[in-house]
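What follows is each chain in one-letter form.
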Amino acid sequence: MVIGATGQIGRVAVGALAGDDWEVTAVSRSGGRDEDWPDGVRVARADREDDKALSAVVGDGCDVLVDMVAYGPEHARQLTSLADRVGSAVVISSVSVYEDDKGRTFDTQQEPDGFPVYPVPITEDQRTIAPGEASYSTRKAGLEHELLAAGGQLPTTLLRAGAIHGPYCRTPRELYFVKRNLDGRRRRVLPYGGRSRFHPAGVHNIAELIRLAASRPGSRVLNAVDPDAPTVAEIAAAIDAAMGVEAESVLVDGPAPSATVGDTPWSVPAPVVCDMSAAERELGYRPVARYAETLPETIAWIEGRLAGRDWREAYPKMLTAYGDLFDYAAEDAWLAK
């Protein structure tokens, strides 16, 4: 059973599980079906916030429950309440739960010297933020804490995903470069010398981890990222190549010149790069796709969403998350100097 089946990761995961001969029930609020799913995939409608509805779709039980949208300790308790009918679980978490050795996290990044400086690469042994209600990161930590504590009751594989990419994303970081290329912008400003690295996590690789974890139940935490962690300059160049565009990166030492000039969704002052050895060791995991290989489908999805629409209408959550990414007047004024 896959909860959040019509979301970005869920669509691919359902297909991967069905291809591995699982009998899959795809659960979503709409009860919809992806056109690429095999005919044997069953669909069910339920809001995961509705305990009774979720319990009803679980019914007499399932061997594996995969949860794409669990968030916070209450969702963990909701899952453990079904433990007598569920063999094991696979749940998506986030690398944002990590904190560095000075207690800095993604939550402190806006403070002076607040961005975390992690060891490279980050292993699953890196310490994590305390559970709480203050933020996305603390609530994800609460989700993990509750599920790991109930390991004997409900064996759960938690997958700490990096910067997720692929079609159907509501906040695609690639939009920053795709839209500029579509708009004929042939220069872009990249802070930190274009060397920022925020480890991407492709939906196909995450789906492969889910497929493997489904047949190897256990209580564990695993990183979920791509085999490569390109710099922001390399990402920009890869998108250019996929779109058949030639563009120039104007590199700035240090942070972005302003909030609307050069502040890309990828730009971080210290690298966020994760280690995948544990997944290889425990699940026999091998990546199925590299970042650049998946760009054509991501770009096509973004172009389709943008067609005939303002980017803020197509991707309203991007504006909330990152502010005005396309203040070309401010960018031109800074470049003119």
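Here's what I pulled together on the structure shown here. (Residues numbered from 1 in each chain as written. Predicted model: local features only at pLDDT ≥ 70, side-chain atom pairs only at ≥ 80, totals over all residues. Heavy atoms only, no water.)

**Some words on the pattern of salt bridges**
Close approach of charged atoms allows side chains with opposite charge to pair.
Here is step 1 of the chain: Applying the stated rule across the entire model yields 20 salt bridges.
Here is step 2 of the chain: As a salt-bridge pair, Arg139 and Glu133 come within 2.5 Å of each other at their nearest N and O atoms.
Here is step 3 of the chain: For the salt bridge of Arg185 with Glu331, the shortest nitrogen-to-oxygen distance reads 2.9 Å. In this pair, Arg185 sits in the loop between α5 (175-182) and β8 (187-190) while Glu331 sits in helix α12 (residues 328-336), placing the two residues 146 residues apart along the sequence. Comparing Arg185 with Glu331, the two get one shared label, buried. (Salt bridge = Lys/Arg side-chain N within 4 Å of Asp/Glu carboxyl O. Helix = DSSP H or I, 4+ residues; strand = E, 2+ residues; numbered from the N terminus. Buried < 20%, exposed > 50% of the residue type's maximum accessible area, 1.4 Å probe, protein only.)

**Focus on the nonpolar core**
Side chains of nonpolar character tend, in soluble globular proteins, to be buried together.
Here is step 1 of the chain: Ranked by size, the top nonpolar core spans 72 residues in total, and within it Phe177, Ile210 and Ile239 carry the most contacts.
Here is step 2 of the chain: It is helix α6 (residues 203-214) that contributes the most residues to this core, eight residues altogether.
Here is step 3 of the chain: Those residues within four positions of Ile239 in sequence are excluded, and the remaining contacts are Glu174, Phe177, Val178, Asn181, Tyr291, Leu295 and Ile299. (Core = buried A, V, L, I, M, F, W, Y, C linked by side-chain atoms within 4.5 Å. Contact = heavy atoms within 4.5 Å.)

**Remarks on the side chain of Ser135**
Here is step 1 of the chain: Mapped onto the elements, Ser135 comes out in the loop between β5 (86-94) and α4 (136-149).
Here is step 2 of the chain: Note on Ser135: relative accessible area 16%, which makes it buried.
Here is step 3 of the chain: In terms of polar contacts, Ser135 uses its side chain to reach the side chain of Asp107, at 2.5 Å.
Here is step 4 of the chain: Ser135 has contacts with Tyr71 and Asp107, leaving out every residue within four places of it along the chain. (Polar contact = N/O pair within 3.5 Å; in protein donor to acceptor, adjacent residues only side chain to side chain.)

**Some remarks on the environment of Ile206**
Here is step 1 of the chain: Structurally, Ile206 is set in helix α6.
Here is step 2 of the chain: Classification of Ile206 as buried rests on a relative accessible area of 1%.

**Let's talk about the packing of helix α1 (residues 8-19) against α6**
Here is step 1 of the chain: The contact between α1 and α6 brings their axes to 8 Å, and the two run at 50 degrees. Comparing their axes, α6 and α1 come out oblique. For α1 against α6, the interelement crossing comes out right-handed. Of α6, the residues touching α1 (which contributes Gln8, Ile9, Val12, Ala13, Ala16 and Leu17) are Val203, His204, Ile206, Ala207, Ile210, Arg211 and Ala214.
Here is step 2 of the chain: Its residues placed into classes, the contact of α1 with α6 shows ten nonpolar, two polar and one charged. (Axes fitted to C-alpha atoms, helices over the stretch in contact; angles between N-to-C directions. Parallel < 35°, antiparallel > 145°, perpendicular 65-115°, else oblique. Left-handed = near helix turned anticlockwise from the far one by under 90°. Nonpolar A, V, L, I, M, F, W, Y, C, P; charged D, E, K, R; others polar.)

**A word on the state of the cysteines**
Here is step 1 of the chain: Scanning all chains against the criterion turns up zero disulfides.
Here is step 2 of the chain: With no disulfide of its own, Cys169 lies 17 Å from the sulfur of Cys274, the closest cysteine sulfur. (Disulfide = S-S within 2.5 Å.)

**Observations regarding the environment of Tyr176**
Here is step 1 of the chain: Along the polypeptide, Tyr176 turns up in helix α5.
Here is step 2 of the chain: Assessed through its relative accessible area of 1%, Tyr176 is described here as buried.
Here is step 3 of the chain: A C-alpha to C-alpha distance of 38 Å links Tyr176 and Gly40, two positions 136 residues apart in sequence.
Here is step 4 of the chain: Sequence-distant contacts of Tyr176, that is, excluding residues within four places in its chain, are made with Val189, Gly262, Asp263, Thr264, Pro265, Leu325, Phe326 and Glu331.

**What about α6?**
Here is step 1 of the chain: For α6, with twelve residues, the first-to-last C-alpha span of 16 Å sits near the 16 Å given by 1.5 Å per residue.
Here is step 2 of the chain: By the burial criterion, the buried members of α6 are Val203, Asn205, Ile206, Ala207, Glu208, Leu209, Ile210, Leu212, Ala213 and Ala214. (Expected span 1.5 Å × (residues − 1).)

**Points about α5**
Here is step 1 of the chain: With seven of its eight residues buried, α5 lies for the most part within the structure.
Here is step 2 of the chain: Taken together, the buried positions of α5 are occupied by Leu175, Tyr176, Phe177, Val178, Lys179, Arg180 and Asn181.
Here is step 3 of the chain: Of the surrounding elements, those touching the buried residues of α5 are β8, α7 (232-243), α9 (291-306), α10 (311-314), α11 (316-322) and α12.
Here is step 4 of the chain: One or two residues past the end of α5 sits Gly184, with phi positive at roughly 75 degrees.

**Some words on the sheet that holds strand β2 (residues 25-28)**
Backbone-to-backbone hydrogen bonds pair the strands of a sheet. The strands run either parallel or antiparallel.
Here is step 1 of the chain: Here we have seven strands laid out as an open sheet, ordered β3-β2-β1-β4-β5-β6-β10, and parallel in their pairing. On the outer flanks of this sheet lie β3 (42-45) and β10 (220-224), each paired with one strand and no other.
Here is step 2 of the chain: In this structure, strand β6 (residues 156-161) lies alongside β10, joined through five bridges in parallel fashion. Note that in β10 the partner of Leu159 across the bridge is Leu222.
Here is step 3 of the chain: Along the sheet, helix α2 (residues 51-58) contacts β1 (2-3), β2, β3, β4 (62-67) and β5; its crossing angle with β3, the most-contacted strand, is approximately 160 degrees. (Pairing = 2+ DSSP bridges.)

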